[in-house]
Structure formats: C-alpha cells, structure tokens
Amino acid sequence: MMVRDLQQYSAWRQGVVAALQAYQAWVGAAALTDGATELRLARTLARLADDKLSVAFVAEFSRGKSELINAIFFADYGQRILPSAAGRTTMCPTELLYEAGRPPSIRLLPIETRAENLSTSDYRDSDAAWTVLPLDLEAAGQMHETLKQVSMTKRVTLAEAKRYGLYDEDDADAQLAVDARGTIEISLWRHAIINFPHPLLKQGLVILDTPGLNAIGTEPELTLNLIPNAHAVLFILAADTGVTKSDIEVWRKHIGAGPGRLVVLNKIDSMWDELRSDAEVDAAIARQQDGAAHMLALEARQVFPVSAQKALVGKINGDQALLAKSRLEALERALFNELIPAKRDIVRQQLDGELAALGAAQQALVAARIRGIVEQLHELKSLRGKNQSVVAHMMRRIDAEKKEFDSSLFKLQATRAVFTRLSTELYTSLGMDIVRDDIERVRREMQASRFFLGVREAVKQYFERIRRNLELSERKTGEISEMMGVMYRKFSAEHGLALALPMPFSLQRYEEEIGAIEAIYSKQFGTATLITTSRVVLMEKFFDSIASRVRKSFKTANDEAEAWLKVIMAPLEAQIRLHKEQLKHRLASIQRIHDASDSLEQKIDAFEAALLALEQQKTRLAELAGAIGIAVNAQCVAFDAAA
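Just so it is clear, the structure is predicted and the values come from calculations on it, not from any experiment.

J.: Where do I start with the overall build of the chain in this structure?
T.: Secondary structure summary: the chain contains 22 helices and 11 strands in total. Each of the 643 residues in the chain was classed as buried or not, and the buried ones make up 49%. Residue pairs at least 24 apart in sequence account for 83% of intrachain contacts in the chain once pairs closer than 6 positions are excluded. Roughly 29,000 Å² of accessible area belongs to the chain as shown, and the carbon and sulfur atoms make up 54% of that amount.

J.: What is the right way to look at the nonpolar core in this model?
T.: Nonpolar side chains tend to gather and get buried jointly when the protein is soluble and globular. Ranked by size, the top nonpolar core spans 81 residues in total, and within it Phe57, Leu68, Phe73, Leu205, Ile207, Leu234 and Leu331 carry the most contacts. Top element by residues in this core is helix α15 (residues 328-382). It accounts for 17 residues. Residues in contact with leucine 205, not counting those within four places in the same chain, are Leu6, Leu53, Val55, Phe73, Leu96, Leu97, Leu200 and Leu339. The next biggest cluster of nonpolar side chains, apart from the first, holds 52 residues, and it includes Ala36, Leu39, Tyr521 and Ala561.

J.: Looking at this structure, how should I read the environment of asparagine 266?
T.: Here asparagine 266 is to be found in strand β10 (residues 261-266). With relative accessibility at 2%, the residue asparagine 266 sits in the buried group. Between the alpha carbons of asparagine 266 and serine 307 there is a distance of 5.4 Å; along the sequence they are 41 residues apart. Setting aside residues up to four positions removed in sequence, asparagine 266 forms contacts with Arg63, Gly64, Ile236, Leu237, Ala238, Ala239, Val306, Ser307 and Ala308.

J.: What am I meant to see in the packing of aromatic side chains here?
T.: Given two aromatic rings, their pairing is described by the distance between the two centres and the angle made by the two planes. Applying the stated rule across the entire model yields 9 aromatic pairs. Ring centres 6.0 Å apart and planes at 50° place the aromatic pair phenylalanine 463 and tyrosine 521 in the tilted group. With phenylalanine 463 in helix α18 (residues 452-495) and tyrosine 521 in helix α19 (residues 508-525), the pair connects residues that are 58 residues apart, well separated along the chain. For tyrosine 521, a relative accessible area of 5% puts it in the buried group. Chaining the aromatic ring pairs together yields one cluster made of Phe57, Phe73, Phe74 and Phe196. A cation over a ring is seen here: arginine 107 above tryptophan 130, with NZ or CZ 4.7 Å from the ring centre. Sitting over the face of the ring of tryptophan 272, lysine 325 holds its NZ or CZ atom 4.3 Å from the ring centroid.

J.: Explanation requested: the environment of glycine 515 in the structure shown.
T.: In this fold, glycine 515 is placed in helix α19. For the pair glycine 515 and phenylalanine 463, spaced 52 residues apart in the sequence, the C-alpha separation amounts to 8.6 Å.

J.: Help me understand the pairing of strand β1 (residues 53-59) in this model?
T.: Consecutive residues of a regular strand have side chains that alternate between opposite faces of the sheet. In terms of burial, β1 is a largely internal element, 7 of the 7 residues being buried. One ladder, built from 5 bridges, connects β1 with strand β8 (residues 205-209); its direction is parallel. Among the inter-strand pairings, valine 55 is bridged to a residue of β8, identified as isoleucine 207. Judged from the 5 bridges that link them, β1 and strand β9 (residues 232-238) form a sheet pairing that is parallel.

J.: For this particular structure, what's the right way to read the sheet that holds strand β7 (residues 189-195)?
T.: Each strand in a sheet pairs with another by means of backbone hydrogen bonds, the pair being arranged parallel or else antiparallel. Here we have 9 strands laid out as an open sheet, ordered β4-β3-β7-β2-β8-β1-β9-β10-β11, and mixed in their pairing. Looking at strand neighbours, the two that pair on one side only are β4 (131-134) and β11 (303-305), the edges of this open sheet. On average, adjacent strands in this sheet sit at an angle of 20° to one another, irrespective of strand direction. Packed onto the sheet, helix α3 (residues 65-73) meets β1, β8, β9 and β10 and runs at close to 145° relative to β1.

J.: Would you explain the environment of glutamate 112 in this entry?
T.: You can see glutamate 112 is positioned in the loop between β3 (105-110) and α4 (120-123). Non-local contacts of glutamate 112, meaning those with residues more than four positions away in its chain, are made with Lys154 and Tyr164.

J.: What is the right way to read unusual backbone geometry from this model?
T.: Most peptide bonds take the trans configuration, and most residues that are not glycine carry a negative phi. Positive phi, close to 65°, is recorded for lysine 267, a residue that is not glycine. Position of lysine 267 relative to the elements: it lies in the loop between β10 and α12 (278-295). The exposure class of lysine 267 is partly exposed, given its relative accessible area of 28%. For arginine 327, which is not glycine, the phi torsion reads 65° and is therefore positive. Look at arginine 327 and you get partly exposed, because its relative accessible area is 27%.

J.: Help me understand the pattern of salt bridges, please; the structure alone is not making it clear to me.
T.: A side chain of one charge can pair with a side chain of the opposite charge when the charged atoms of the two come close. A full pass over the atoms with the stated rule returns 27 salt bridges. In this structure, aspartate 127 engages arginine 107 in a salt bridge whose closest nitrogen and oxygen atoms are separated by 3.4 Å. Placement of the pair is aspartate 127 in the loop between α4 and β4 and arginine 107 in strand β3, with a sequence separation of 20 residues. Of the charged contacts, one joins aspartate 179 and arginine 155 as a salt bridge, the two residues approaching to 3.1 Å between their closest N and O atoms. In this pair, aspartate 179 is assigned in the loop between α7 (172-176) and β6 (183-187) and arginine 155 in strand β5 (residues 153-157), connecting sequence segments 24 residues apart. Classification of aspartate 179 by relative accessible area gives partly exposed; the value is 24%.

J.: Any chance you could explain helix α17 (residues 432-448) here in plain terms?
T.: The first and last C-alpha atoms of α17 sit 25 Å apart over 17 residues, in line with the 24 Å expected at 1.5 Å per residue. Regarding α17, the residues found buried are Val435, Asp438, Ile439, Val442, Arg443 and Met446. All buried residues of α17 fall inside an arc of 140° around its axis, so they share one side. Exposed side chains of α17 directed beyond 90 degrees from the buried face belong to Arg444, Gln447 and Ala448.

J.: Before we go on, may I ask you to explain α19 in this structure?
T.: Residues that lie three or four places apart on an α-helix share one face, since the helix turns once every 3.6 residues. When the terminal C-alpha atoms of α19 are compared, their 26 Å separation across 18 residues agrees well with the 26 Å that a helix rising 1.5 Å per residue should span. Taken residue by residue, α19 has Tyr510, Ile514, Ile517, Glu518, Ile520, Tyr521, Gln524 and Phe525 as its buried positions. Viewed end-on, α19 has its buried residues packed into an arc of 160°, placing them on one side of the element.

J.: Sorry, what's going on with the side chain of threonine 146 here?
T.: One can find threonine 146 in helix α5 (residues 140-147). Under the relative-accessibility criterion, threonine 146 is labelled buried at 15%. Apart from residues lying up to four places away in sequence, threonine 146 is in contact with Ile106, Leu133, Pro134 and Leu135.

J.: Can you help me understand the packing of α3 against helix α13 (residues 308-317) in this one?
T.: When two helices pack together, you describe them by how their axes are tilted relative to each other and by the distance separating the axes. In the contact formed by α3 and α13, the axes pass within 8 Å of each other and the chain directions differ by 30°. Put simply, α3 runs roughly parallel to α13. Crossing angle aside, the handedness with which α3 passes α13 is left-handed. Judged by residue contacts, Glu67, Leu68, Asn70, Ala71 and Ile72 of α3 engage Ala308, Gln309, Ala311, Leu312 and Lys315 from α13. When its residues are assigned to classes, the contact of α3 with α13 shows 6 nonpolar, 2 polar and 2 charged.

Rules behind the numbers
Residues numbered from 1 in each chain as written. Predicted model: local features only at pLDDT ≥ 70, side-chain atom pairs only at ≥ 80, totals over all residues. Heavy atoms only, no water. Helix = DSSP H or I, 4+ residues; strand = E, 2+ residues; numbered from the N terminus. Buried < 20%, exposed > 50% of the residue type's maximum accessible area, 1.4 Å probe, protein only. Contact = heavy atoms within 4.5 Å. Areas by Shrake-Rupley, 256 points an atom, 1.4 Å probe, with all protein chains shown as cover. Core = buried A, V, L, I, M, F, W, Y, C linked by side-chain atoms within 4.5 Å. Phe/Tyr/Trp six-rings, centres within 6.5 Å; stacked < 30°, edge-to-face > 60°. Lys NZ or Arg CZ within 6 Å of the ring centre and 35° of its normal. Pairing = 2+ DSSP bridges. Axes fitted to C-alpha atoms, helices over the stretch in contact; angles between N-to-C directions. Salt bridge = Lys/Arg side-chain N within 4 Å of Asp/Glu carboxyl O. Expected span 1.5 Å × (residues − 1). Arc of directions from axis to C-beta. Parallel < 35°, antiparallel > 145°, perpendicular 65-115°, else oblique. Left-handed = near helix turned anticlockwise from the far one by under 90°. Nonpolar A, V, L, I, M, F, W, Y, C, P; charged D, E, K, R; others polar.

Right, here's the structure in full:
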C-alpha cells in the first residue's frame with residue numbers, strides 16, 4: 001500500500017514535470033521565452049526535482065523507534081535493517097534516504113564537529129568532514145553490522161563532553177552517568193546519513209530516526225530544522241510506561257498536535273496475557289490509549305496502539321493473524337493518508353501562482369505579435385488602389401512613429417540608472433556580508449557575557465536586526481517593483497504594448513522562516529530559569545544552528561533577488577525588441593510596395609499566413625498550459641479515489 005501510494009505521488013509529480021518540460025520546449029522553439037519565463041520554469045522544475053517526503057520518528061530511548069521503522073518500511077528485506085535491541089540503539093540522529101549520485105553507504109559525522117561553530121547543515125556538502133562506509137547490499141549480515149555504527153559510543157572526560165554541549169553538571173541524572181574515572185559515555189557520531197536504494201526511498205521518502213529525547217534538547221539541528229520541517233512526525237510512547245513528564249515536555253515544545261503529527265503507543269504485546277480474555281486485553285489497551293490521549297490533549301483516535309516487534313515478525317513470516325493483532329496497518333493507513341495529501345496540497349499551492357504567471361506572460365507575447373501582424377495587414381490592405389503619394393505619406397508616418405519610440409528608449413535608460421541604484425541599495429540590508437558580520441557580532445557579545453540573560457539578550461537583539469533588515473529589503477524590492485510597474489504601464493499606454501505587470505518578488509517567505517526559527521528558539525530558552533554555565537554553552541550550540549539556518553535563508557533570498565533583478569526587465573525588453581522589429585518590417589514592407597519591388601497582394605497573403613500561424617500558436621500555448629493544469633489536478637482524483 002505504501003509503495004503504491006508513493007508511486008502514485010511520484011507518478012503525479014513526474015506527470016507535472018513532463019507537462020512543464022513540454023511547455024518549456026515548445027515556447028523555446030517558438031521563441032516565446034524571456035528571462036523571466038526561463039527563471040520561473042527552471043525554479044519550478046528544480047523544486048519538483050528536489051521534492052521529498054520526510055517522516056520523523058521521535059521518542060525516548062527504548063520505545064522501539066528503530067523497530068517501528070523496520071516494521072513499516074523494511075520488513076520486505078526479511079530482517080532488521082536498522083539495529084534494534086533492548087536499551088539504546090540509535091545514539092545519533094539518522095536519516096535514511098536515496099541519492100542516485102552516491103553509492104549505497106552510511107555517512108557519519110564525527111561528534112568532534114560539535115566543538116566548531118557550525119551546524120550539521122553546514123557540513124552536508126563537505127564530503128571531507130564525513131566518514132563514509134560502503135554498504136554491501138548482497139551481504140545482509142555485513143550491512144547490518146555496518147549500520148550498527150549509529151549505536152557506537154565512546155567515553156570522554158567531562159571537560160570534553162561540556163565542550164560539545166553534552167554534559168550539564170547541574171543535572172543530577174547526568175552526574176549519575178559519570179564513572180569512577182570521571183568520564184562519561186557519548187555518541188561516537190553526531191549525525192548519520194544512510195544512502196539506501198529502497199523502493200520507498202527512491203520515490204523521495206526521507207526517514208529520520210532520532211536518539212532519545214535528551215538529544216532533542218542538545219542537538220539543535222533536530223529542534224530547529226529536521227523535526228519542524230518533517231511532513232509527518234510519529235511520537236512514540238510505550239504501552240507499559242505510558243506518558244512520562246519528559247514525553248509531555250517534548251510533545252508541547254517540539255511537536256504538538258497538527259497535520260501529520262501522530263502518536264504511537266508501542267509495545268502493546270507487553271499487555272498480551274494468556275490468563276486474560278482478548279476482550280480484557282483490548283480493554284486494558286484502550287485504557288492506556290485513553291490515558292495517553294488525555295495527557296497529550298488529543299482524542300483517543302489520534303493515538304495508535306501497535307506492536308512494532310510483532311508486526312515485523314508477522315510480515316517477515318507471512319503470519320497475517322499476528323500482523324493483524326499488532327494493529328500496525330491502521331497506523332500505516334493513517335500515516336500515508338495524512339502525509340501524501342498534505343504534501344500534494346503544498347506542492348500544488350506552490351505551483352498555482354507560478355503557472356498562472358507563466359500562462360499570462362506567454363499569452364501576452366503571442367497577443368502582441370498577433371496585434372502587430374493585424375496592424376500591418378490593415379495598413380497593407382488600405383494601400384489597395386492607392387497612389388504612390390499615399391504610400392509615401394504612410395512611410396513618413398511609420399518613420400515618425402519609429403523616431404518617437406526611439407526617444408522613449410532614452411527615457412528607459414534613465415530608469416535603468418535608478419534601477420541600478422536601487423538594486424545596489426537592496427544589498428545594504430540583504431547582502432551576505434551583513435549576515436556574516438552580524439553573526440560574528442553576536443558571538444563576540446556571547447563571549448563578553450558569560451551569563452544566561454546576557455547571552456539570551458544578544459540573540460534577541462540579533463533576531464530584531466534580522467527582521468529589520470528583511471523589512472528594509474522588502475520595502476526596497478517594493479520600490480523597484482513600483483518603479484518598473486510605472487514604466488511598464490507607460491510603455492503600454494504610449495505604444496500600445498500588451499504588457500503584463502513585471503514579475504513580482506516578495507521576501508515574506510523568508511520573514512516567516514526567520515519567525516519560525518525564533519519561535520522554536522524562544523520555546524527552548526524563553527522561559528528558562530536555570531542560569532548556569534552549561535546552559536550558556538547549550539545556547540551557543542543552538543546559536544550555531546540558528547546562524548546556519550539564517551545564512552541559508554538569506555543565501556536563498558539573495559539568489560532569488562539576484563535572479564529577479566536580472567529578469568524583471570526581460571518582458572519589457574522582449575516587447576521593445578518585438579515592437580522595433582515590427583516597425584522596421586512595416587516600414588520595409590511599404591517601402592518595397594512603394595518601389596514596386598514586389599506585389600502588394602503577395603505581401604498581404606504572406607501576412608495572413610503569418611497571422612494564421614500565430615493563431616495556431618496561441619491555441620497550442622493554451623493547450624500546453626491546460627495540460628499542465630490537468631497534470632497538477634489529476635493527482636487529486638487519483639488519491640481521493642484511492643482513499
């Protein structure tokens with residue numbers, strides 16, 4: 001069922017890509033593209049190519065996260081893929097995905113990187129930072145041993161653990177973990193990425209297996225990036241322990257109720273009892289289900305009792321009765337019924353605006369060509385039976401029109417100068433140099449103030465400066481858009497050009513991203529009352545991830561702004577070139593008729609043939625745009641029917 005659903009989703013996405021590529025190829029061959037169109041198409045296709053569906057598994061250790069992943073996704077392999085045993089097995093955040101350009105392998109980021117001012121995201125594209133171990137898909141036992149790396153640990157001194165932000169001397173539980181030699185056990189690796197050619201992963205699924213809940217608070221990448229951005233989060237409890245205090249804290253701080261957020265009550269097999277009837281066992285499970293729902297402020301139907309271990313055994317052995325008793329299939333249905341439609345809607349909303357703008361721009365360009373041909377036909381037909389003095393008069397009129405148009409182009413040059421100045425000013429608030437300097441400033445302030453409140457205030461001021469810079473940048477892009485809008489309207493009115501308004505640009509998405517990052521940070525530290533050195537160290541580690549997210553957000557904003565500035569004039573320039581060519585051809589046509597170098601009727605026939613071809617282009621353009629719309633909406637029918 002899961003493979004089928006993901007294949008349907010992937011097929012829908014490929015259908016949209018194929019329709020967009022057909023559109024792209026046709027408008028390119030018909031010379032109907034400009035910079036803005038090419039940017040929109042490239043951006044849309046890149047977004048679809050990089051589309052992923054991410055599912056995060058979050059729980060305290062020994063709740064059966066890895067076993068649940070094995071049962072849901074990897075039972076077809078006839079054995080456990082992820083290590084699963086009593087006690088802690090996943091010591092570092094582990095992503096399972098598929099990248100066609102890499103061989104099957106596990107990439108491991110050393111724990112020592114936590115001592116640097118860089119987040120896990122900063123290391124993703126740095127191959128040299130990772131230890132890479134190949135996976136032999138033909139030797140299942142050997143592959144299983146290799147994947148045990150995610151459970152590897154080592155013992156370090158307390159000073160080293162504190163440097164990594166992994167030891168809090170004021171935490172009584174942490175002190176219990178210190179041995180007689182004054183060392184503490186930590187994970188050998190900071191992060192693991194398993195590249196595995198599983199059918200579901202090939203369809204774009206990404207699975208995140210997290211360590212115990214303590215890692216949620218100490219690994220900022222989980223708190224600030226991976227869990228909030230997951231399309232579905234499975235929060236796993238144990239039927240025998242119920243909801244603990246730490247469960248409630250993590251649920252409220254980092255997950256919470258909402259679309260794609262599911263609660264799993266695992267290990268219900270611990271409640272199976274041969275001395276009780278099935279009805280009594282079911283009633284006991286229902287009580288635990290109701291209790292968990294009450295503690296997390298959910299409805300009972302939002303909590304799914306399962307036995308991951310028995311489900312895995314049932315799937316591997318083909319024991320349908322055991323699989324049914326494990327109740328896993330209800331969870332699988334809920335997961336994919338929530339995950340795929342939600343992701344589909346996100347992608348469809350992103351596409352809607354781009355596709356509408358694409359269609360309008362290309363139709364406007366065809367309409368301008370048709371209008372130019374119609375005007376020329378009208379002029380040529382009006383010459384039937386006219387003497388040469390009338391033709392000469394028309395030549396002078398077109399020549400005057402051309403000179404008037406050329407004078408307008410000088411005004412456009414003045415607009416270009418203002419445009420260049422405003423573009424330069426934009427980067428005084430959006431540029432990457434400002435981002436870098438601001439991050440360094442906060443780090444200096446953190447070093448200067450080793451107290452919790454001082455560090456928190458430095459980060460608070462940092463977010464205020466970021467918002468102010470984005471607001472200034474948004475106003476500047478608004479100025480540029482308004483100026484270009486005036487120029488577009490002016491050319492349209494004075495020369496009859498069919499111009500849609502210039503391509504819009506907004507930084508709102510980045511403002512929302514920064515707001516989300518700040519909200520997560522505030523949840524983590526906003527109400528903290530414990531003022532300790534270790535707390536300051538943890539805040540600094542979180543700031544590394546914050547800085548990484550902000551850098552990434554601003555880098556994308558810079559790239560998009562730069563691309564927008566390059567193409568904002570493209571539709572106007574395309575229409576200007578077209579209009580100049582049309583004026584030139586009109587003058588040349590009438591000149592040839594004046595000189596009797598060719599037949600008037602032949603010229604009229606040629607223009608009527610050109611007009612017919614343009615009308616056919618217009619029809620074909622509408623058909624291709626319609627095909628994209630059909631491809632986008634086709635998935636709704638397929639998935640609604642499947643549901």
